[in-house]
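Residue-level structure breakdown
Chain by chain, the residues run as shown.
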Amino acid sequence: MFMLQSDLRSAIQIAATYCYFNPNRYESPSSRPVSIRTPSRLRPIHAAAVERVADKPPICTADELHYVSIHNSDWRLALWRYKPPPQAPSRNHPLLLLSGVGTNAIGYDLAPGSSFARHMSSQGFDTWILEFRGAGLSSEVASKEVKQPISLPSERMDATSKNPLNVNSDSSAQEKKEMVESDQSQLLMTFTETFKRFSERLSNLIKEGSPEALQNSTLATQIRDLSQRLVDVIEEGQRSVSPPFTDLLDRFSSTIENLQTQIDILGKYNWDFDHYLEEDVPAAMEYIRRQCNPKDDKLLAIGHSMGGILLYSMLARNAYEQRDSRLAAIVTLGASLDYTTSKSSLKLLTPLADPAQALSVPAVPLGALLAAAYPLASRPPYVMSWLNRLITAQDMMHPELMEKFVMNNFCTVPAKLLLQLTTAFQEGGLRDRSGTFFYKNHINKIDVPVLAIAGDLDLICPPKAVYETIKLVPKHLAMYKVFGEPAGPHYAHYDLVGGRLAPEQLYPCVLEFLIAHDST
């Protein structure tokens, strides 16, 4: 167990290296002037460019993929669109789906029989999933510069797996061995040289973006350690007969490609919760309204986890500024503005509340860490089985879907985002980045109907936390529902979206609420 924990700590240290951004760019709440922004704060951001993609990447299972660029930002936001079938009833409002922190659109469309988005579109709602900046397909940076990929020696490999090192089948056993050893040595030299170029590129990028980083001996040491670790892995693979050398090549190539992707967006993970609230969501809503033209210029919206927190925050901010939120109704799934009274497992984030402590971990590669940890949660001796309980209750997800969810749904999360979210565990609940505006204090002024849904075994946002916010909504606008029974079935955090029984138990409740507030 000690070795596993040690390896995990090393992995986190390495991940922090290539997710680096300049610590001086972060401003703690205490360093900012105390002010409340003007009422134009949540004015929809005009899209610098919008487009519908004709050829979707295979990962996108929606009917259409759209992009909207945020003004004065390099990020393009991906919008997955699910169009209602011709036989579906006609609806008045499009439906926007917002997901949780560090997640992409896959959670809402995990499989044909487990698709929240597809189910809603089948009932007549023109359904859109927003992928926030840095998540999923939104992680492509809009730039005129064409990044040249790091060349890999894959062209040296034969196309067939039977003869990966291109050994003549007529050669003697000794000749084959000599040829294999020669090719492996040459490949190892090429790999090592490739990674040296990779390290140089990483160092140059840091030098260009932050000169003072060159004086950061800790960072330099981490880079050297990362380089040496990968070279050691290569050399170990060369000496070993198991796994096969071709597997080593595949793993190394994948590692380089993943790290190169991190390089290309290095320094871009520099945003917080309010960036989502003030820029991403308004830009997406404006684009959807233009595409769908609802008569009253409003949308319906559903938010899971952080997505629900965003919807609450938008309503609170607009109520304070006496602005129309342009939302006809919202549904929150496992979300709250105040977690102080609950035993939420997200309290694990609270050590990040000290900015000085957080600056040493500028971004958390959540997707990579969960993917690495999942085998320890799903296979004997189940060292990290607690991870499963955070996501789903017993027998609520098929193992294959659970694996697909963990391996594909999570992304890298900026520390600044986590820092702001940790205020939800402090007295008064979630605050804006200045630390002076408490979103919870203005929920009692909203004028939009809210359905708040909780899961009985949700360890991330327990029913007590969900109730802490919905109880503040004006009674004639509030609905509260807890799913799960004492004898089962039970609902954990993700089960509210993709649990096995959600389509027959939870979705009808959501649809009934949406349809009731779909009139114009």
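Thresholds applied
- Residues numbered from 1 in each chain as written.
- Predicted model: local features only at pLDDT ≥ 70, side-chain atom pairs only at ≥ 80, totals over all residues.
- Heavy atoms only, no water.
- Helix = DSSP H or I, 4+ residues; strand = E, 2+ residues; numbered from the N terminus.
- Buried < 20%, exposed > 50% of the residue type's maximum accessible area, 1.4 Å probe, protein only.
- Contact = heavy atoms within 4.5 Å.
- Areas by Shrake-Rupley, 256 points an atom, 1.4 Å probe, with all protein chains shown as cover.
- Axes fitted to C-alpha atoms, helices over the stretch in contact; angles between N-to-C directions.
- Parallel < 35°, antiparallel > 145°, perpendicular 65-115°, else oblique.
- Nonpolar A, V, L, I, M, F, W, Y, C, P; charged D, E, K, R; others polar.
- Patch = residues over 30% accessible without salt bridge, like charges linked within 9 Å, V, L, I, M, F, W, Y side chains within 5 Å.
- Salt bridge = Lys/Arg side-chain N within 4 Å of Asp/Glu carboxyl O.
- Core = buried A, V, L, I, M, F, W, Y, C linked by side-chain atoms within 4.5 Å.
- pLDDT = per-residue confidence, 0-100.
- Expected span 1.5 Å × (residues − 1).

Broken down by element type, the protein carries 16 helices and 11 strands. Within the span of the protein, comprising 520 residues, buried residues form 51% of the whole. Taking as baseline every contact in the protein between residues at least 6 positions apart, the subset at least 24 positions apart corresponds to 78%. Surface summary for the protein: the accessible area is close to 24100 Å², and the carbon and sulfur share equals 52%.

Below, the discussion takes up the packing of helix α6 (residues 273-292) against helix α7 (residues 306-321). The axes of two packed helices give the description: the angle between them and the distance between them. Running from N to C, α6 and α7 point in directions that differ by 85 degrees, and their axes come no closer than 10 Å. Between α6 and α7, the angle falls in the class roughly perpendicular. Contacts from Phe273, Tyr276, Leu277, Val281, Pro282 and Met285 of α6 reach α7 at Met306, Ile309, Leu310, Ser313 and Met314. Of the residues contributing to the contact of α6 with α7, the split by class is 10 nonpolar, one polar and no charged.

The grouping of Tyr467, Tyr480 and Val482 at the surface amounts to a nonpolar patch, some 250 Å² of accessible area in total. For Tyr480, the location among the structural elements is in strand β11 (residues 478-483). Classification of Tyr480 by relative accessible area gives partly exposed; the value is 34%.

This part is about the nonpolar core. Membership of the largest hydrophobic core comes to 57 residues, with the highest contact counts inside it found for Leu130, Phe273, Leu310 and Leu327. Per element, the largest residue contribution to this core is nine residues, and it comes from α7. Not counting chain neighbours up to four residues away, the residues in contact with Phe273 comprise Met306, Ile309, Leu310, Ser313, Leu417, Gln420, Leu421 and Leu430. Grouped together as the second largest cluster of nonpolar side chains are 54 residues, Val53, Leu97, Leu110 and Phe116 included.

With that out of the way, let us pick up the environment of Asn444. Mapped onto the elements, Asn444 comes out in the loop between α12 (415-421) and β10 (450-455). Separated by 128 residues in sequence, Asn444 and Ala316 place their C-alpha atoms 8.2 Å apart. Asn444 has contacts with Leu472 and Pro474, leaving out every residue within four places of it along the chain.

Moving on, we get to the confidence of the model for the protein. Confidence along the protein averages 74 in pLDDT terms, with 59% of residues attaining 70 or more. Low pLDDT (under 50) marks residues 142-170, which in the prediction has 45 contacts with non-local residues, meaning those over four places away or in another chain. Contacts of residues 209-224 to residues separated by more than four positions or lying in other chains number 19 contacts, the stretch itself having pLDDT below 50.

On to α7, then. Here α7 spans 22 Å end to end across 16 residues, near enough to the 22 Å set by a 1.5 Å rise per residue. Among the 16 residues of α7, 15 are classified as buried, and the element is accordingly described as predominantly covered. Just downstream of α7 lies Gln322, where phi reads positive at about 55 degrees.

Our focus in this paragraph is the pattern of salt bridges. Side-chain pairs of opposite charge can arise whenever the charged atoms involved come near each other. One pass over the structure, following the stated rule, counts 16 salt bridges. The salt bridge partner of Glu468 is Lys440, with a shortest N-O separation of 3.6 Å. Separated by 28 residues along the polypeptide, Glu468 in helix α13 (residues 463-470) and Lys440 in the loop between α12 and β10 bring together distant segments of the chain. Judged by its relative accessible area of 11%, Glu468 is buried. Among the salt bridges present, the one from Lys471 reaches Glu468, with a minimum N-O distance of 3.4 Å. Note on Lys471: relative accessible area 42%, which makes it partly exposed.

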